[in-house]
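Structural overview for review
This is what each chain is made of:
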Amino acid sequence: MSTYYRPKKKLKLKDVKSINHFNINKGNGHNYLIEFKGHYLHIDVCKGNIIDFFRYGGNDAYLILDEITHHLGVNFVDEHDDDYDDYAEDGTNVFEIRFDKETIHWQLYCNS
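Residues numbered from 1 in each chain as written. Predicted model: local features only at pLDDT ≥ 70, side-chain atom pairs only at ≥ 80, totals over all residues. Heavy atoms only, no water.

**Observations concerning the sheet that holds strand β3 (residues 31-36)**
Selection rule: We treat two strands as partners when DSSP finds at least two bridges between them. Secondary structure elements follow DSSP: runs of H or I of four or more residues count as helices, runs of E of two or more count as strands, with numbering from the N terminus. Note on definitions: angles span 0 to 180 degrees between N-to-C directions of axes, and those axes are lines fitted to C-alpha atoms, for helices only across the stretch in contact. Contacts were defined at the residue level, with two residues in contact if any of their heavy atoms lie within 4.5 Å.
Sheet architecture is open: 6 strands sit in the order β2-β3-β4-β5-β1-β6, paired in antiparallel fashion. In the strand order of this sheet, the two ends are held by β2 (23-26) and β6 (76-78), each with one partner. Going across the sheet, the axis of each strand differs from the next one's by a mean of 25°, ignoring polarity. Two elements, strand β4 (residues 39-46) and strand β5 (residues 49-56), share 5 bridges in a ladder whose sense is antiparallel. If you follow D44 over to β5, its bridge partner there is D52. Packed on one face of the sheet, helix α2 (residues 61-72) meets β1 (2-7), β3, β4, β5 and β6 and runs near 55° to β4.

So, in structure tokens, the structure goes:
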């Protein structure tokens, strides 16, 4: 199970890195992994801004997202919110696929 999240305003990676109790490691391409209290989120960065967060498995996304909100004043939407796509940045790798009665979001992996 996964859930995708987006910040509701510009969120710089360097500002999130300034939250001292986060562990942030570079992954492949423009991907990063953020860890806090044993929970993880994958993040996509474009031009220094975090544009997408990805929760996989049983990780508690809000443990991390609430810390960002507390320290930086940035709120988030998830893929189940009606306005999720309104916050898409040009560099996103997440695309919407609509079926007759269901909408899903899919991440396109690239090596850039």
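**Things to note about unusual backbone geometry**
Of note, K37 is a non-glycine position whose phi angle comes to about 55°, a positive value. Mapping K37 onto the fold places it in the loop between β3 and β4.

**Observations regarding the pattern of salt bridges**
For clarity, the threshold we go by: We define a salt bridge as a contact between a side-chain nitrogen of Lys or Arg and a carboxyl oxygen of Asp or Glu at a distance within 4 Å. Think of it in three bands: residues with accessible area under 20% of the maximum for their type are buried, residues over 50% are exposed, and the middle band is partly exposed, with areas taken using a 1.4 Å probe on protein chains only.
Considering all chains together, one arrives at 3 salt bridges under this definition. For R6, the salt bridge is made with D85, and the minimal N-O distance between the two is 3.7 Å. With R6 in strand β1 and D85 in the loop between β6 and β7 (94-98), this residue pair connects regions lying 79 residues apart in the sequence. Among the residues examined, R6 registers a relative accessible area of 0% and is labelled buried. Judged by its relative accessible area of 31%, D85 is partly exposed. Measuring nitrogen to oxygen at the nearest pair gives 3.3 Å for the salt bridge that ties E89 to K10. On the criterion of sequence distance, the pair formed by E89 in the loop between β6 and β7 and K10 in the loop between β1 and α1 (13-17) is long-range, its members being 79 residues apart. Here the salt bridges share partners, and the residues they tie into one network are R6, D52 and D85.

**A word on the pairing of β5**
Extensive coverage of β5 is indicated by the burial of 7 of its 8 residues. Pairing of β1 with β5 involves 4 bridges; the strand directions are antiparallel. Within β5, the position partnered with T3 by the bridge is R55. As consecutive antiparallel partners, β4 and β5 are separated by 2 residues, and within that stretch K47 has a phi angle of approximately 55°, a positive value.

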